[in-house]
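# Chain and residue survey
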Amino acid sequence: MERTFLMIKPDGVQRNLVGEVIKRLEAKGFTLVGLKMMKVSRELAEKHYDVHKERPFFQGLVEFIISAPVVAMVWEGDGVVASARKIIGATNPLTAEPGTIRGDYGVSIGRNLIHGSDAIETAQREVALWFKEEELVSWELAIGPWLYE
Ligand code: IDP
Ligand code: MG
C-alpha cells in the first residue's frame with residue numbers, strides 16, 4: 001500500500017491545528033501508520049530539505065523547522081501521495097485553493113503549516129529518513145470494504 005510522509009510544521013503546532021490536519025486526512029479515508037511529536041535536529045532538517053540547499057530561503061527554512069516542535073506522520077492509502085498534496089494545497093497559501101489546509105489557514109509562504117512528500121520516490125526517502133521501521137504500525141481499517149471497492 002502507498003505511503004506518504006507529512007509533517008505539521010512549527011506554525012501548525014503553535015496554532016493548534018494538529019487535530020484539524022489529522023481530522024481531514026482521517027475523514028478522507030487514509031490510515032495513520034506513524035505519528036510522533038518531536039523537536040527536529042539541525043542535521044535532520046538539513047537532510048530533509050537537502051534539495052533546496054542552494055535556494056535563498058534554505059537557512060531560514062531550516063531555522064524555522066528546528067525552532068519549535070513538529071508532528072511527523074506517515075499516512076497510507078491508495079494514491080495517498082498525490083491526494084495528500086491536494087488536501088494540503090499549493091506552496092503559497094495565498095494562491096492555495098480554499099478548502100485546502102494551506103488555503104484555509106495560511107497567508108505566508110514561509111508559514112504554510114505542513115509538509116507533504118511530492119512524489120512516491122520522495123515519500124519513500126522521507127519516511128525512511130524520519131521513521132524507524134519499528135515506529136510504523138501496519139494495521140487494517142475495519143471499514144476498509146466501505147472505502148475500497
Ligand atoms: P512544498 O512544501 O509545497 O513542497 P517546496 O517548493 O518544496 O514547497 O518548498 C519547501 C518549503 O520551503 C515550502 O513549504 C516553504 O515552507 C518554503 N519555501 C518555498 N519557497 C519559499 C520562498 O520563496 N520563500 C520562503 N520560503 C519558501
Ligand atoms: Mg517540497
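Source: prediction; values computed, not measured.

Scoring rules and cut-offs
Each chain has its residues counted from 1, running along the sequence as written. To label them, take the chains in the order written and letter them from A, then take the ligands in the order written and number them from 1. In keeping with the model being predicted, local features are shown solely for residues with a pLDDT of at least 70 and side-chain atom pairs are shown and tallied solely at 80 or more, while totals for entire chains, interfaces and linings include all residues. Here the side-chain values reflect all heavy atoms present in the structure, with hydrogen atoms and water set aside. UniProt positions are given in the numbering used here, feature names are shortened, and annotations may be inferred rather than shown by experiment. The secondary structure listing takes helices from DSSP runs of H or I that are at least 4 residues long and strands from runs of E that are at least 2 residues long, numbered from the N terminus. Here, nonpolar core refers to any group of buried Ala, Val, Leu, Ile, Met, Phe, Trp, Tyr and Cys residues whose side-chain atoms link them within 4.5 Å. Only protein chains enter the accessibility calculation, which uses a 1.4 Å probe; a residue is then buried when its area is under 20% of its type maximum, exposed when over 50%, and partly exposed in between. We call two residues in contact whenever any of their non-hydrogen atoms come within 4.5 Å of each other. Strands were regarded as paired on the criterion that DSSP finds at least two bridges between them. Helix axes use the C-alpha atoms of the stretch in contact, all axes being lines fitted to C-alpha atoms, and the angles between their N-to-C directions lie in the range 0 to 180 degrees. Here a residue is considered near a molecule or strand provided that any single heavy atom belonging to it is located within 4 Å of it. Polar contacts here mean pairs of N or O atoms no more than 3.5 Å apart (in protein, one a potential hydrogen donor and the other a potential acceptor; neighbouring residues in sequence count only if both atoms are side-chain atoms). Three classes are used, and their members are as follows: Ala, Val, Leu, Ile, Met, Phe, Trp, Tyr, Cys and Pro are nonpolar, Asp, Glu, Lys and Arg are charged, and the others, Gly among them, are polar.

## Observations regarding the UniProt feature "domain: Nucleoside diphosphate kinase-like" (unreviewed entry) in the protein chain
UniProt annotation of "domain: Nucleoside diphosphate kinase-like" (unreviewed entry) refers to residues 1–138 when read in the numbering used here. For residues 1–138, helix accounts for 41% and strand for 17%, while the C-alpha atoms at its two ends are 10 Å apart.

## Digging into the nonpolar core
A general trend in soluble globular proteins is that nonpolar side chains are found buried together. The biggest cluster of nonpolar side chains holds 21 residues, and the ones touching the most others in it are Phe-5, Met-7, Met-38, Val-40, Ile-65, Trp-130 and Phe-131. Mapped onto this core, the elements with two or more residues apiece are β1 (3–8), β2 (31–38), α3 (42–48), α4 (58–65), β3 (70–76) and α7 (120–130). With five residues, α4 is the single largest residue contributor to this core. With sequence-adjacent residues up to four places away left out, Met-7 is seen in contact with His-48, Tyr-49, Ile-65, Val-70, Val-71, Ala-72, Leu-113, Ile-114, His-115 and Trp-130. Residues Ile-22, Leu-25, Val-71 and Ile-88 belong to the second largest nonpolar core, which totals 20 residues.

## Quick notes on helix α5 (residues 80–88)
Regarding α5, the residues found buried are Val-80, Val-81, Ser-83, Ala-84, Ile-87 and Ile-88. On its buried face, α5 is in contact with β1, α2 (18–28), β3, α6 (101–105), β4 (114–116) and α7.

## A look at the sheet that holds β4
Taken in spatial order, the four strands of this open sheet run β2-β3-β1-β4, and their pairing is antiparallel. Every other strand in the sheet has two partners, leaving β2 and β4 as the edge strands with one partner each. On average, adjacent strands in this sheet sit at an angle of 15 degrees to one another, irrespective of strand direction. As judged from the six bridges shared by β1 and β3, these two strands associate in the antiparallel manner.

## Some words on the side chain of Ser-83
Along the chain, Ser-83 turns up in helix α5. Residue Ser-83 is classed as buried on the basis of its relative accessible area, which comes to 16%. If sequence neighbours within four positions are ignored, Ser-83 has contacts with Lys-28 and Phe-30.

## Observations concerning the site of ligand 1
Near ligand 1 you find Lys-9, Tyr-49, His-52, Phe-57, Leu-61, Arg-85, Thr-91, Arg-102, Ile-109 and Asn-112, and these make up its full shell. In this structure, an oxygen atom belonging to ligand 1 sits 2.8 Å away from a side-chain N or O atom of Arg-85. A distance of 3.3 Å is found between an oxygen atom of ligand 1 and a backbone nitrogen or oxygen belonging to Ile-109. Looking at the shell around ligand 1 residue by residue, the classes come out as four nonpolar, three polar and three charged.

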